[in-house]
Every structure is written in structure tokens, then in C-alpha cells.
Amino acid sequence: MKKIVSIFLVVVALLVSCTDKKPADIPDWRDFIEDTDKDEPGVSKDKVPSDMVLIYEGSGHRQPLKWSGSYLKDYVIYTDRSGKKHWLFDGFLCLEFMYVNVPTGNKTFITDYSYEGVKLPSATKVEWKALIDYYFEVDGGLNAIEKAVDLASEEMGESPKTKRKVVIGIPEPITNERYSDPKSSTVYWGKVAGKELDFSNTADRLTACQWYIDEITERFRDKKYKNIELVGFYWVAEKAKHTRDLMSKLGTYLKGKDLTFNWIPYFNADGYSEWKSFGFDVAYLQPNYFFNDAIPESRLDEACDLAKRHKMGMEIEFDGNALESNGRGYKLENYMKAFKKYGIWESCPLAYYQGSWALKWLKGSGSQYNQNLYHDFCEFVITRPYRNENNE
């Protein structure tokens, strides 16, 4: 009888251990990014936003086409339920995936991107420069963030203790003029220093990216912004497949300029777990849970586990479907619940995908559900233990 009981207890213990599997130990990102005892020092925490919102801008299909300072203010400052004001996001990732509805014709900044079902040709130097020009327009782009902080500071009665951090996306130098046709030209992008670049060569693809980085850093320096600082660049290709030979070289180049190299691969993307070997300083994992009702909540458990195991930050994702009328707000609630459950909320930097302007939609809605979700989300951001006290 004792033997039977013993066997029964062993079986129960095994079942519990299988069903109660917990994610990896929580890595404290504050330790990870400030660790200077390793052979390869980590990036300083003052270069990493605690809460970085994605701002898509530049392409002709974006509405509004230009983000004004007053429009962006809602991403800089938050007024809580009691009327008290708080600084909200301390980081802004400016990026674009495509360049469409423009006179030069529709183009893509990353491989495999389509618009309205049409596979787009690769962007050239013309489109890369147009994107840079957009970022530095007087009435939009980076100037809008600068103005938004000014407006928020007026409401707060003081400026934030630190500048808001800016990260800018780098277009992928796509090998072929048409990514869908490997026989299409590799000499299509344009010239740098009088030399026609051939994107069949890694060195020429790197040259294009270096030109882009240099253009932005020089213009940013010339602007002498008082409220924002350029802390790094972001690789817009969300998988490693087409650029494995290039990323680490870019990482080295950016380190030489004291700038960070950032990445947000999608869930289980090619190379996501190798992010450090590719030269990135910070990587955030996309759970990709929000966008499909068929994806179960357990995806968040799995994503939190993977992010912890590979010392990655994470991304919260939502868009206009979070509105009560569209029925997917529960998914945003589940992100916040899971990130608290597994220690993500308290221990690592976060990126926030909110579609085009879903946060403003929630704020401006007359629905009580939307209002509650808006406040719950903003309070999730501003009360994070990970946030540097200097953000206040």
C-alpha cells in the first residue's frame, strides 16, 4: 500500500512541475545595461529610454501626415483621474516602413513589404533622403517632439529633469531593386561620394547606412534641440534573414559614435535570440498577441519567458481595435496583466506600438470603457518601478 501511495505522490509531483512551469528568472535590466565588469561593457542606462513609444511618420499615407507639437503633447504628458499631471513616455522611436502616395512612386524601406496587396520596389537614396528631410521639417518630425515637450513643460510648470530620448529607424538597404525578383538590378540605389553603390556588396550596403546615420547626426547636432537628444538608431528589418552580414558592422559603427543600436524583432523571428551577436545594444521582443483573436493569452506567457531567457526588453502592442466598439481592449489589458505577473513591468525597458494614434483615440473617446482603459494604461506606464526617477 505504501508503495502505491509513494508512486501516486511522485506522479502528482511530476504533473505539478509540468503544469506550473514558470518563466526564466527575472533579469534586472538596470543591472544588465550598466554592467561594466564584462569583457564587452553594456550600454549606459542613460542611453536607454524606460518607455519608448513608436511614432510612424514620413510616408504619404499617414494621417495626419505631420505630427504637430500640440498633437504629440499627449505622448509627453498625462493627466490622471485626479487632475494631477505626469511625464509619460521618455523615449520616441521615429520610423517608417514604406514611402507611398508620393510623386516618386510607392517604395519600401524593408524586404517583403506590400501596400494594398502590391509588392513594392526598394527605396532608393531619393526616398531615404526624403525621409531624413521629413524628420527635420520645421513644422513636423523631430521639431514636433521638441515643441510637444515645450507645451507639456508649460502645463507642468517645469521642464523634465532629462531630455526626451530619440531613436531613429534606419531603412534596410535591400539587395535587389525588386525584392521579389532576385534577378533585378543591385545597382539602383544611388551614389555616395561620387561612387555608384552596388547592393550585392555588403560594403556598399554598409556605406549607404553610414551615409544615412551621418546625415541625421549632423543635422540633429546643428539643430541644438533643448528638449530632445539623439541616443541611437533602430534597425527596421524585424528579422535577421536578409541582413545577417550587415548588422554587426552597423553596431560597431554606431558604438564608435556613442549611439545605441536597437531592434524589435517579431515573435520567433529569424535571429531574435542572437540579437547581441548582431551588435545590438537593446532588443525588444514583440509578442504579436494583440492582432489576432485566435492567438491565445498563453502567447504572452511564452513571450515573457523568451524575453527573459534572452535578456530582451518587450513591446506592448495595440491599435484602434482596443476601442470598446472594436472589442479587443481586453488584449491590451492582458499585456499589462502578464507584464506585471512575470516581472517585466518592473525590470526592463518597454517599447509601445499603438498603431498610428490609438492612445489619442482612447483619450478622446466618450466611452467610459475607453476612458478607463486609457487611464489604466497610462498609470501602468508612469508607475513602473523600472522608470528612472529623473523622468519625473
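Just so it is clear, the model here is predicted, and its values are computed rather than measured.

So, how was this worked out
Residues numbered from 1 in each chain as written. Predicted model: local features only at pLDDT ≥ 70, side-chain atom pairs only at ≥ 80, totals over all residues. Heavy atoms only, no water. Helix = DSSP H or I, 4+ residues; strand = E, 2+ residues; numbered from the N terminus. Buried < 20%, exposed > 50% of the residue type's maximum accessible area, 1.4 Å probe, protein only. Areas by Shrake-Rupley, 256 points an atom, 1.4 Å probe, with all protein chains shown as cover. Expected span 1.5 Å × (residues − 1). Contact = heavy atoms within 4.5 Å. Core = buried A, V, L, I, M, F, W, Y, C linked by side-chain atoms within 4.5 Å. Pairing = 2+ DSSP bridges. Axes fitted to C-alpha atoms, helices over the stretch in contact; angles between N-to-C directions. Polar contact = N/O pair within 3.5 Å; in protein donor to acceptor, adjacent residues only side chain to side chain. Parallel < 35°, antiparallel > 145°, perpendicular 65-115°, else oblique. Left-handed = near helix turned anticlockwise from the far one by under 90°. Salt bridge = Lys/Arg side-chain N within 4 Å of Asp/Glu carboxyl O. pLDDT = per-residue confidence, 0-100. Nonpolar A, V, L, I, M, F, W, Y, C, P; charged D, E, K, R; others polar.

Below, the discussion takes up the overall build of the protein chain. A tally of helices and strands in the protein chain yields 12 helices and 16 strands. Taken across its 392 residues, the protein chain has 55% of its residues classed as buried. Approximately 17,000 Å² of the protein chain is accessible, and the part contributed by carbon and sulfur atoms is 51%.

The end-to-end C-alpha separation of helix α5 (residues 141-156) is 23 Å, in line with the 22 Å expected for 16 residues at 1.5 Å each. For α5, the complete set of buried residues consists of G141, L142, N143, A144, I145, E146, A148, V149, L151, A152 and S153. Where α5 terminates, the next one or two residues include G157, which has phi positive at roughly 85 degrees.

Bringing the side chain of N143 into the picture now. Within the secondary structure, N143 is located in helix α5. The class of N143 is buried, set by a relative accessible area of 17%. Filtering out sequence-adjacent residues up to four positions away, N143 remains in contact with Y135, F136, E137, V138, K223 and Y225.

Quick look at the nonpolar core now. L142, Y212, W235, F339 and F377 are the most contacted members of the largest nonpolar core, which has 104 residues in total. Among all residues touching L142, those that are not within four sequence positions of it are C94, Y135, F136, V166, I168, F220, Y225 and I228. V43, V48, I264 and V282 belong to the second largest nonpolar core, which has 17 residues in total.

Now for the sheet that holds strand β1 (residues 51-56). Within a sheet, neighbouring strands are paired by backbone hydrogen bonds and run either parallel or antiparallel to one another. If you trace the eight strands once around the closed barrel, you get β1-β4-β9-β12-β13-β14-β15-β16, paired in parallel fashion. Here the strands of the sheet are splayed against their neighbours by 30 degrees on average, with no regard to which way each runs. Of the strand pairs in this sheet, β1 and strand β16 (residues 350-353) are connected by three bridges, and their pairing is parallel. By the bridge assignment for β16, M52 is matched with A351. Its contacts with the sheet put helix α12 (residues 368-382) on β1, β15 (313-317) and β16, and the angle it makes with β16 is roughly 155 degrees.

All right, on to the pairing of strand β13 (residues 260-263) then. Residue alternation in β13 divides its side chains into two sets, T260 and N262 and F261 and W263, and both sets are buried. In this structure, strand β12 (residues 228-235) lies alongside β13, joined through four bridges in parallel fashion. In the strand pairing of β13, Y234 is matched with N262. Pairing of β13 with strand β14 (residues 282-285) involves two bridges; the strand directions are parallel. When the sheet's bridge partners are listed, W263 is paired in β14 with A283.

Looking at the element boundaries, S153 is found in helix α5. A distance of 2.7 Å separates a polar atom in the side chain of S153 from the backbone oxygen of V149. Once residues lying within four places of it in the same chain are set aside, the contact partners of S153 are W87, E158, S159 and P160.

Take the packing of helix α8 (residues 298-309) against helix α9 (residues 329-341) next. Axis angle and axis distance: for two packed helices, these are the angle between their axes and the distance between the axes, and together they describe the pair. Closest axis-to-axis distance for the α8/α9 pair is 10 Å, and the angle between their directions is 40 degrees. By the criterion of interaxial angle, the relationship of α8 to α9 is oblique. For the element pair α8 and α9, the recorded crossing hand is right-handed. Between α8 and α9, the contacting residues are L300, D301 and C304 on the first element and N334, Y335, A338, F339 and K341 on the second.

Under the definition given, this model contains 26 salt bridges. K47 serves as the salt-bridge partner of D258, at 3.5 Å between the closest nitrogen and oxygen. On the criterion of sequence distance, the pair formed by D258 in the loop between α7 (247-256) and β13 and K47 in the loop between α2 (29-34) and β1 is long-range, its members being 211 residues apart. Between K195 and D204 there is a salt bridge; the shortest N-O distance is 3.0 Å. Using a relative accessible area of 45% as the deciding quantity, one classes K195 as partly exposed. Overall, the relative accessible area of 5% leaves D204 in the buried class. Counted as one network, the salt bridges with shared partners bring together K129, D133, E215 and R219.

Looking now at the confidence of the model for the protein chain. On average, residues of the protein chain score 89 in pLDDT, and 88% of them reach the 70 mark or higher. Every residue in residues 1-23 scores below 50 in pLDDT, and together they form six contacts with partners more than four places removed in sequence or on other chains. Taken as a whole, residues 34-41 scores under 50 in pLDDT and shows eight contacts with residues more than four places along the chain or in a different chain.

So, about the packing of helix α4 (residues 125-135) against helix α6 (residues 202-223). At a closest axis distance of 11 Å, the pairing of α4 and α6 adopts a crossing angle of 20 degrees. If you check the angle between α4 and α6, you find them roughly parallel. Helix-helix and strand crossings are classified by hand; for α4 and α6 the assignment is right-handed. Residues K125, W128, K129, L131, I132, D133 and Y135 of α4 form the contact with α6, whose participating residues are A208, C209, W211, Y212, E215, I216 and R219. Class assignment for the residues of the contact of α4 with α6 results in nine nonpolar, no polar and five charged.

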